[in-house]
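If you want the building blocks of each chain, they are given just below.
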Amino acid sequence: MSGADQELQALSQQLEQVESQLEALHTEVEHIRGQQSEIDEAIEAIDSLDSGSSVQVPVGGGAYLTATVDDIDEVIVEIGADYAAEQTEEAAVDLLKAKKDQLDERIEELNDAINQLEAQGEELGQEAEQRLQQLQQQAGGAGQIPGGGTPD
């Protein structure tokens, strides 16, 4: 394999890496959007429930119990690092909104990284195209195409 062929192969591998990284970032963005949807649902539930409301409580394995909300002003919310704390209804909603804001910031960071990788991928693609054209021009003058073939 010639040096030019190796260079094209290296560019191709770099493009594949960029595409793989882009896929991972897009997957992470979708995961975060799912978390945001869950937060929206939680906020809506907290806002719509009153003391005495009947709710379905997940107990695991796809099973639910029907329960009655004794006091809507006692909401337990995860505060991070697998810790949860009892909050008032208003404080719980504020905490959930703050979590959602943090997720928005993370999505912005990921979108910036996606934009940078897309630009990098474009540059690599253009560079590969230029190298391929150069090789074809050189091979045209020598009567051969890269890879050992001859022109038709």
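Here the structure is shown first, and the text comes after it.
The structure reproduced in this document is the subject of the present report.

The rules behind the values
Residues numbered from 1 in each chain as written. Predicted model: local features only at pLDDT ≥ 70, side-chain atom pairs only at ≥ 80, totals over all residues. Heavy atoms only, no water. Helix = DSSP H or I, 4+ residues; strand = E, 2+ residues; numbered from the N terminus. Buried < 20%, exposed > 50% of the residue type's maximum accessible area, 1.4 Å probe, protein only. Contact = heavy atoms within 4.5 Å. Areas by Shrake-Rupley, 256 points an atom, 1.4 Å probe, with all protein chains shown as cover. Patch = residues over 30% accessible without salt bridge, like charges linked within 9 Å, V, L, I, M, F, W, Y side chains within 5 Å. Salt bridge = Lys/Arg side-chain N within 4 Å of Asp/Glu carboxyl O. Lys, Arg positive; Asp, Glu negative; His and termini not counted. Charge placed at Lys NZ, Arg CZ, Asp CG, Glu CD.

### Focus on the overall build of the chain
Alright, step 1. Scanning the chain from N- to C-terminus turns up two helices and four strands.
Alright, step 2. The N-to-C order of helical and strand elements in the chain reads α-β-β-β-β-α.
Alright, step 3. Evaluated residue by residue, the chain yields a buried proportion of 21% over its 152 residues.
Alright, step 4. Partitioning the intrachain contacts of the chain with sequence separation of at least 6 by distance along the chain shows that 49% fall at a separation of at least 24.
Alright, step 5. Carbon and sulfur atoms provide 45% of the accessible area of the chain, an area that totals close to 10700 Å².

### Some remarks on a negative patch on the surface
Alright, step 1. A cluster of acidic residues, Asp 70, Asp 71, Asp 73, Glu 74 and Glu 86, forms a negative patch on the protein surface.
Alright, step 2. Mapped onto the elements of the fold, Glu 74 is located in the loop between β2 (63-68) and β3 (75-80).

### Re the side chain of Gln 36
Alright, step 1. Here Gln 36 shows up in helix α1 (residues 3-48).
Alright, step 2. A residue is classified by how much of its surface remains accessible, and Gln 36, at 10% relative accessible area, is buried.
Alright, step 3. For Gln 36, the residues in contact, after removing those within four places along its chain, are Lys 100, Leu 103, Asp 104 and Ile 107.

### Some details on the pattern of salt bridges
One side chain can pair with another of opposite charge once the charged atoms of both are near each other.
Alright, step 1. Per the counting criterion, the structure on display carries five salt bridges.
Alright, step 2. Ionic pairing is found between Glu 109 and Arg 106, a salt bridge with its closest N-O pair at 3.2 Å. With Glu 109 and Arg 106 both in helix α2 (residues 89-142) and three residues apart, this pair spans about one turn of that helix.
Alright, step 3. Members of the salt-bridge network, linked through shared partners, are Glu 28, Arg 106 and Glu 109.

### Structural notes on unusual backbone geometry
Alright, step 1. Backbone geometry at Ala 81 places phi at a positive 50°, although glycine is not the residue there.
Alright, step 2. Take Ala 81: it is sitting in the loop between β3 and β4 (83-87).
Alright, step 3. Taking relative accessible area as the criterion, Ala 81 reaches 69% and is therefore assigned exposed.
Alright, step 4. Unusually for a residue other than glycine, Asp 82 sits at a positive phi of about 60°.
Alright, step 5. Topologically, Asp 82 is positioned in the loop between β3 and β4.
Alright, step 6. Given the relative accessible area of 78%, Asp 82 is considered exposed.

### Digging into the environment of Gln 120
Alright, step 1. Along the chain, Gln 120 falls in helix α2.
Alright, step 2. We classify Gln 120 as partly exposed; its relative accessible area is 39%.
Alright, step 3. Sequence-wise, Gln 120 and Leu 15 are 105 residues apart; in three dimensions their C-alpha atoms are separated by 8.6 Å.

### Topic: a nonpolar patch on the surface
Alright, step 1. On the surface, a nonpolar cluster with roughly 240 Å² of combined accessible area is contributed by Val 57, Val 59 and Leu 65.
Alright, step 2. Of note, Val 57 is situated in strand β1 (residues 54-60).

### Topic: the environment of Ala 63
Alright, step 1. Assignment of secondary structure puts Ala 63 in strand β2.
Alright, step 2. Setting aside residues up to four positions removed in sequence, Ala 63 forms contacts with Val 57 and Pro 58.

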